[in-house]
Amino acid sequence: MKNTYDVVTCISKNHLEIGIRAIRSLIKLSEAQKIFVITSKSNINFLKKNFPRENSLIILNEDQIIPNIKLIDVAYTLKQYGGKEERAGWYFQQFLKMNISRHPLISKYYLIWDSDTVMLKKINFFNKSNKLIINTSKEFHKPYFQTIRNFGLLKTNNFSFISEHMLVNSEIMNNLISLIEKANSKNHSWIKTLISFINKDHLNETGSGFSEFETYGTYLSKYHPDSFVTNKLKSCRNTYSIY
């Protein structure tokens, strides 16, 4: 029996135009059962007007995805630990794509899709044995792995999980969040616990101390190595300028 999946994408105000094109491409070319669009409350009506009859589309308010956590809370926590408040959106969208695994309507599998990426052809996300097909790259950003080492994850692969998309098992993602929660000794939310694990220099200087893709991929490699295979798809980083 063929596995099914949902799609999850986060769209900011700056990416509304290309985000609409991305959604249209997913509706046309993906085999998603449902497409979850996470955005700020101010963008919801605009998106609904562009897709008035698309029943597969579920548009969610970003402030209602993680209990008691909003963008302003992430900004405050970053500042508290010596980071840059203006990077809050970059971190927040990663946390949203992780915590959506706990949403009551999410399927067993969901595809995280970058909102500035347009699907140009049909893509298989499961192989003939129904294993997840994970896209990989050659990127390496050391701070990502220094962060996750604090809750017991070590890089063991000679490739990167950084990509424009990633197929996720919602139960496994939920277990990853639970691992972060268990590393908490001060009764913090998993968001604050995670930010506290990021080296202050990485928060302050590079502004990039965490990757949900590298973290999930590393967790998958350690605890579920037989659940996936890897692949390298061709992609273009200039989608916005092209369109």
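A. Quick peek at the overall build of the protein chain. When helices and strands are tallied, the protein chain shows 10 helices and seven strands. For 243 residues, the compact-globule estimate of 2.2 N^0.38 gives 18 Å, and the C-alpha radius of gyration of the protein chain, at 17 Å, lies within 12% of that figure. Here the protein chain holds 243 residues, and 52% of them are scored as buried. Partitioning the contacts of the protein chain with sequence separation of at least 6, the portion at a separation of at least 24 is 76%. Here the protein chain has roughly 12,800 Å² of accessible surface; of this, 47% comes from carbon and sulfur atoms. Separation between the mean location of the 33 positive side-chain charges and that of the 20 negative ones in the protein chain comes to 3 Å.

B. Structural detail: the pattern of salt bridges. Tallied over the entire structure, the rule returns four salt bridges. The residue glutamate 31 makes a salt bridge to lysine 2 at a minimum N-O spacing of 2.9 Å. Of the two residues, glutamate 31 sits in the loop between helix H1 (16-29) and strand E2 (35-39) while lysine 2 sits in the segment before strand E1 (6-11), which places them 29 residues apart along the sequence. Across the salt bridge formed by arginine 102 and glutamate 181, the nearest N and O atoms sit 3.2 Å from each other. Taken as a pair, arginine 102 in the loop between helix H4 (88-99) and strand E4 (109-113) and glutamate 181 in helix H6 (residues 170-182) lie far apart in primary sequence, 79 residues in all.

C. Molecular detail of the packing of helix H3 (residues 71-80) against H4. Between H3 and H4, whose axes approach to 9 Å, the crossing angle comes to 120 degrees. Judged on the interaxial angle alone, H4 and H3 are oblique. Every pair of crossing elements has a handedness; the one defined by H3 and H4 is right-handed. Judged by residue contacts, Leu71, Val74, Ala75 and Leu78 of H3 engage Ala88, Gly89, Tyr91, Phe92 and Phe95 from H4. Residues belonging to the contact of H3 with H4 are distributed by class as follows: eight nonpolar, one polar and no charged.

D. Up close: the pairing of strand E3 (residues 57-61). Most of E3 sits inside the fold, with five of its five residues counted as buried. Of the two faces of E3, the one carrying Leu57, Ile59 and Asn61 and the one carrying Ile58 and Leu60 are both buried. By the bridge criterion, five bridges tie E2 to E3 in an arrangement that is parallel. Paired with isoleucine 35 across the bridge in E3 is leucine 57. Running through helix H2 (residues 44-50), the crossover from E2 to the neighbouring parallel element E3 is right-handed.

E. Spatial organisation of the side chain of threonine 9. Along the chain, threonine 9 turns up in strand E1. Looking at threonine 9, its side chain comes within polar contact range of the main-chain oxygen of tryptophan 113, at 2.8 Å. Not counting residues up to four positions away in its chain, the partners in contact with threonine 9 are Phe36, Val37, Ile38, Trp113, Asp114 and Ser115.

F. Fine view of the sheet that holds E3. In space, the five strands of this open sheet follow the order E3-E2-E1-E4-E6, with mixed pairing throughout. Taken across any chain shown, the strands that pair with only one partner, and hence form the sheet edges, are E3 and strand E6 (165-169). Neighbouring strand axes in the sheet, compared pairwise and without regard to direction, differ in orientation by 25 degrees on average. Across the sheet, H4 is in contact with E1, E2 and E4; its angle to E1 comes to roughly 160 degrees. Of the strands in this sheet, E4 and E6 are in contact with H6, which crosses E6 at around 85 degrees.

G. The environment of asparagine 3, seen in detail. Position of asparagine 3 among the secondary structure elements: in the segment before E1. For the pair asparagine 3 and asparagine 127, spaced 124 residues apart in sequence, the C-alpha separation works out to 10.0 Å. When residues no more than four places from it in sequence are discounted, the contact partners of asparagine 3 are Tyr109, Phe126 and Asn130. A distance of 3.4 Å separates a polar atom in the side chain of asparagine 3 from the backbone oxygen of asparagine 130.

Criteria and cut-off values
Residues numbered from 1 in each chain as written. Predicted model: local features only at pLDDT ≥ 70, side-chain atom pairs only at ≥ 80, totals over all residues. Heavy atoms only, no water. Helix = DSSP H or I, 4+ residues; strand = E, 2+ residues; numbered from the N terminus. Rg over C-alpha atoms; globule rule 2.2 N^0.38 Å. Buried < 20%, exposed > 50% of the residue type's maximum accessible area, 1.4 Å probe, protein only. Contact = heavy atoms within 4.5 Å. Areas by Shrake-Rupley, 256 points an atom, 1.4 Å probe, with all protein chains shown as cover. Lys, Arg positive; Asp, Glu negative; His and termini not counted. Charge placed at Lys NZ, Arg CZ, Asp CG, Glu CD. Salt bridge = Lys/Arg side-chain N within 4 Å of Asp/Glu carboxyl O. Axes fitted to C-alpha atoms, helices over the stretch in contact; angles between N-to-C directions. Parallel < 35°, antiparallel > 145°, perpendicular 65-115°, else oblique. Left-handed = near helix turned anticlockwise from the far one by under 90°. Nonpolar A, V, L, I, M, F, W, Y, C, P; charged D, E, K, R; others polar. Pairing = 2+ DSSP bridges. Right-handed = clockwise from strand over helix to strand, strands pointing away. Polar contact = N/O pair within 3.5 Å; in protein donor to acceptor, adjacent residues only side chain to side chain.

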